[in-house]
Amino acid sequence: MLILVINSGSSSLKFQLIDSEKKQMLVKGLCERIGIEEPFFDYENGGCSIHEPRQMDTHKDAVHILLETLLDPECGVIGSLDEIAAVGHRVVHGGPHFSHPALVTEETKEAILKSSGWCPLHNQANLTGIEVLEKAMPGVPQVAVFDTAFHQTMPPEAYMYGIPYEYFEKFDMRRYGFHGTSHEFVTRRAAEMTKHDPASFRLITCHLGNGSFFAAIKGGRCLDTSMGLTPLEGIMMGTRCGSIDPAIPPFIGKLGNCTPDEVDDILNKKSGMLGISGVSMDFRDIQAAAAEGNERARLAVKMFCYQAIKIIGSYIAALGGLDTLVFTAGVGENDEMIRKSICDGLAYSGIEIDQERNLIRRKEAILSTEDSAVEVFVIPTNEELSIAVQTAEVLKKTDA
Ligand code: ADP
């Protein structure tokens, strides 16, 4: 079944055409700088790749270019749009309303708009993508797959914040978590790989990339996750500060005479690995600088590992033990030094990884030794494939 996966941002639109049964990506691409100067179209289909400026004043123009390219006799992969069974859209915030992917109807669209509370720009951009695709492909089912849905199984003690209750009641202010599609993907695969009972195994997923986040999962259900009301909470990330003393933002505002938006910018874009190292937000650059003796780069790496060990430790407590630990995303799939430091810091829990196996990059692998009390896997994440598979499942349920 061919599923077109769309991730629509305010000035970009990423897409992949995926065969959800074969779990195979056929083409992928990106429309960039929509509605601003120098718009660009990127497209990759095995032998045929396009990287060229194209006029894209609106998302409608971008979708027109993408569909035209899919049908192109030279670079395309389909003969007719009828070959696409459905479109799966990434939607960032499902608020408290969505715990599963949903077929797009007028009610779904209204709920997406209402759920956007804390990520209004993201949800609005996602909705634009949905509406443009609805018009461009009439009659083709559209499915919304929510970043927050996977985390909806968290119990109140995990998702509530210790602030006056009225903020929850009136404004739905609580932990939501993000990138549920990544956790969902690696959880499903870990359930296939584990020697424990998938119905009850205690799993911690570590998505370590530019954005980094963890989830504590029991029998496939999320119990806790490190991102919160927004993606700023949790471990320090490429440019995000992660969890800090909540008194710091107003102090930064007062010290720098900054507006709340400027403080938000500092915490989201100038902090984390970049803010500490002063080198880069990219782990490869930071590791290279650390190897050359750059003390701030070394400190950033140490802080990252220390915070990871603390979060995982707290999740081991929440789960009452641990059966399986999964590393994924750019850093988790590639950086053997970070994986080793984190696993060494968790040695008390009986985790033991094999140093040879730990050299693996970008491949699924078992890192733990035969004697390790905890299985340790690397599972490359694939959020687009997760969206395609979940979209196909919604279609099957709708047909049934
Ligand atoms: P995003 O959160 O943007 O999806 P990724 O999951 O692609 O990010 O992760 C990007 C991060 O992964 C970057 O900091 C990059 O340095 C790091 N990374 C990618 N490849 C390697 C590698 N071979 N070794 C170490 N780090 C890597």
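See above for the structure.
Now for a description of the structure that goes with this document. (Residues numbered from 1 in each chain as written. Predicted model: local features only at pLDDT ≥ 70, side-chain atom pairs only at ≥ 80, totals over all residues. Heavy atoms only, no water.)

Before going further, it helps to examine the sheet that holds strand β5 (residues 48-53). Strand order across the open sheet formed by eight strands is β5-β4-β3-β2-β1-β6-β8-β7, with mixed pairing between neighbours. Of all strands in the sheet, those bounded by a partner on one side alone are β5 and β7 (102-103). Pairing geometry for strand β2 (residues 13-19) and strand β3 (residues 24-32), over seven bridges, is antiparallel. From the neighbouring strand, Leu17 faces β3, where its bridge partner is Val27. (Pairing = 2+ DSSP bridges. Helix = DSSP H or I, 4+ residues; strand = E, 2+ residues; numbered from the N terminus.)

For the rest of this paragraph, the subject is the nonpolar core. Burial of nonpolar side chains together is a common tendency in soluble globular proteins. In this structure, Leu325 and Phe327 are the most contacted members of the largest nonpolar core, which totals 44 residues. Where this core is concerned, the elements lending two or more residues are β9 (202-208), β10 (212-218), α10 (283-291), α11 (295-319), β12 (324-328), α13 (336-345) and β14 (375-378). Counting residues per element, this core draws most heavily on α11, at 11 residues. Here Phe327 is in contact with Cys206, Leu208, Gly332, Arg339, Ile342, Cys343, Leu367, Val376, Phe377, Val378 and Ile379, once residues within four sequence places are set aside. (Core = buried A, V, L, I, M, F, W, Y, C linked by side-chain atoms within 4.5 Å. Buried < 20%, exposed > 50% of the residue type's maximum accessible area, 1.4 Å probe, protein only. Contact = heavy atoms within 4.5 Å.)

This part takes up the pairing of β12. Among the five residues of β12, five are classified as buried, and the element is accordingly described as predominantly covered. Residues Thr324, Val326 and Thr328 line one face of β12 and the alternating positions Leu325 and Phe327 line the opposite face, and both faces are buried. Examined bridge by bridge, β9 and β12 share five bridges and lie parallel to one another. Its bridge partner lying in β12, Cys206 is registered against Phe327. Looking at chain direction, β12 and β14 are connected through four bridges and run parallel. The partner of Val326 across the bridge, within β14, is Phe377.

Around the ligand, 13 residues are found, and the nearest of them are Asn210, Gly211, Asp282, Phe283 and Gly330. Between the ligand and the protein, one listed contact pairs an oxygen atom with a backbone N or O atom of Gly211 at 3.1 Å. At 3.0 Å, a backbone N or O of Phe283 approaches an oxygen atom of the ligand. For the shell around the ligand, the secondary structure elements donating two or more residues are α10 and α12 (329-334). Considering every element that reaches the shell around the ligand, the biggest residue donor is α12, with four residues. Partitioning the shell around the ligand into residue classes produces three nonpolar, five polar and five charged. (Near = heavy atom within 4 Å. Polar contact = N/O pair within 3.5 Å; in protein donor to acceptor, adjacent residues only side chain to side chain. Nonpolar A, V, L, I, M, F, W, Y, C, P; charged D, E, K, R; others polar.)

The contact between helix α1 (residues 59-71) and helix α3 (residues 120-136) brings their axes to 10 Å, and the two run at 55°. Taken together, the axis directions place α1 and α3 in an arrangement best described as oblique. Considering only the axes of α1 and α3, their crossing is right-handed. Side by side, α1 and α3 meet where His59, Lys60, Val63 and Leu67 of the first sit next to Thr128, Val132, Leu133 and Ala136 of the second. Residues of the contact of α1 with α3, tallied by class, amount to five nonpolar, two polar and one charged. (Axes fitted to C-alpha atoms, helices over the stretch in contact; angles between N-to-C directions. Parallel < 35°, antiparallel > 145°, perpendicular 65-115°, else oblique. Left-handed = near helix turned anticlockwise from the far one by under 90°.)

What the rule picks out here adds up to 20 salt bridges. The partner of Arg175 in a salt bridge is Asp224, with the nearest N and O atoms 3.8 Å apart. In this pair, Arg175 is assigned in the loop between α5 (166-171) and α6 (180-193) and Asp224 in strand β11 (residues 221-225), connecting sequence segments 49 residues apart. Using a relative accessible area of 10% as the deciding quantity, one classes Arg175 as buried. Between Glu393 and Arg188 there is a salt bridge, with its nearest N and O atoms 2.8 Å apart. Here Arg188 lies in helix α6 and Glu393 lies in helix α14 (residues 383-399), a separation of 205 residues in the sequence. Several salt bridges share partner residues, and in doing so they unite Glu52, Arg54 and Glu68 into one network. (Salt bridge = Lys/Arg side-chain N within 4 Å of Asp/Glu carboxyl O.)

Below, the discussion takes up the environment of Gly350. Inspection of the secondary structure puts Gly350 in the loop between α13 and β13 (365-366). Exposure remark for Gly350: the relative accessible area of 28% places this residue in the partly exposed category. When the C-alpha atoms of Gly350 and Ala191 are compared, they prove to be 21 Å apart, with 159 residues separating the residues in sequence. If we skip the residues at most four places from it in the chain, Gly350 touches Ser372, Ala373 and Val374.

What follows deals with the environment of Asp354. Residue position: Asp354 is located in the loop between α13 and β13. The class for Asp354 is partly exposed, based on a relative accessible area of 25%. In this structure, the C-alpha to C-alpha distance between Asp354 and Asn45, residues 309 residues apart in sequence, is 37 Å. Excluding its chain neighbours within four sequence positions, the residues that come into contact with Asp354 are Leu367, Ser368 and Thr369. Looking at Asp354, its side chain comes within polar contact range of the main-chain nitrogen of Glu356, at 2.9 Å.

Turning our attention to the state of the cysteines. Summed over the entire model, instances satisfying the criterion amount to one disulfide. Between the sulfur atoms of Cys48 and its disulfide partner Cys75 the distance amounts to 1.5 Å. In this pair, Cys48 is assigned in strand β5 and Cys75 in the loop between α1 and β6 (84-91), connecting sequence segments 27 residues apart. A relative accessible area of 9% means that Cys75 is categorised as buried. (Disulfide = S-S within 2.5 Å.)

By themselves, these figures tell us nothing about what the structure is for.
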